[in-house]
Amino acid sequence: SQQGEEDPQALSIQEGENATMNCSYKTSINNLQWYRQNSGRGLVHLILIRSNEREKHSGRLRVTLDTSKKSSSLLITASRAADTASYFCATGLRTGANSKLTFGKGITLSVRP
Amino acid sequence: NAGVTQTPKFQVLKTGQSMTLQCAQDMNHEYMSWYRQDPGMGLRLIHYSVGAGITDQGEVPNGYNVSRSTTEDFPLRLLSAAPSQTSVYFCASSYSPQGFYGYTFGSGTRLTVV
């Protein structure tokens, strides 16, 4: 079963605008990650935030994590047409001897030129 | 280029046939996993391995078999293909199951079972 749920399911914006995507999860986590998937390709790791961190930046990406609300957001600033892709949040957790990364269903981002 | 290599990229099988999807990585990652991706379902974990000789089931293991004889290779076997196994399959590897440095994905195998 999916641990993370992204919101919205689809997002369409104009080039140059900011895109904000949200992810909620249900159980305690070690880390939360965001991935991008271009059409017909594999997933590419974008950014990871650990459970003891609140905000992290990487280039035009900013991710926040609120463990009290069990939620995260990914902000892409000054979006470009090349940012058009599906974005997935994934939660990393360790439960005894069972550790894994669980993915959400993804958000489809369309950036109009 | 370093990374995860999956073969084949496309495959069509008849119901009842068997086949092996290949996955190889050259990053010396201990952890490897197989996911299937279906429309509206996201990625679901099939099987995973935390090192050579060690494998375990994920969320949807039925109809699939894996083995890990070397650190580099993690093949996925479909024992008797069914139309419900039509999907895109991704292999991923990492230094750790929780993916502290992120997962590296292959480019996928698009499988159709008729």
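Residues numbered from 1 in each chain as written. Chains lettered and ligands numbered in written order. Predicted model: local features only at pLDDT ≥ 70, side-chain atom pairs only at ≥ 80, totals over all residues. Heavy atoms only, no water.

Trainee: Could you clarify how one ought to interpret the environment of Ser93(B) in this entry?
Mentor: Residue and element names in this part refer to chain B. The residue Ser 93 is located in strand β9 (residues 87-94) in this model. Residue Ser 93 is classed as buried on the basis of its relative accessible area, which comes to 0%. Among residues more than four places away in sequence, those in contact with Ser 93 are Val 4, Gln 25, Met 27, His 29, Tyr 31, Met 32, Gly 102, Tyr 103 and Thr 104. Among the polar contacts made by the side chain of Ser 93, one reaches the side chain of His 29 at a distance of 2.7 Å. (Helix = DSSP H or I, 4+ residues; strand = E, 2+ residues; numbered from the N terminus. Buried < 20%, exposed > 50% of the residue type's maximum accessible area, 1.4 Å probe, protein only. Contact = heavy atoms within 4.5 Å. Polar contact = N/O pair within 3.5 Å; in protein donor to acceptor, adjacent residues only side chain to side chain.)

Trainee: Quick question: what am I supposed to make of the pairing of strand β11 (residues 109-113) of chain B here?
Mentor: Residues and elements named next belong to chain B. The alternating pattern of β11 places Thr 109, Leu 111 and Val 113 on a buried face, while none of Arg 110 and Thr 112, on the opposite face, is buried. As paired elements, strand β2 (residues 10-13) and β11 share four bridges and run parallel to each other. Counterpart to Leu 13 in the pairing with β11 is Val 113. Pairing of β9 with β11 involves three bridges; the strand directions are antiparallel. For Ser 87, the partnering residue across the bridge sits in β11 and is Leu 111. (Pairing = 2+ DSSP bridges.)

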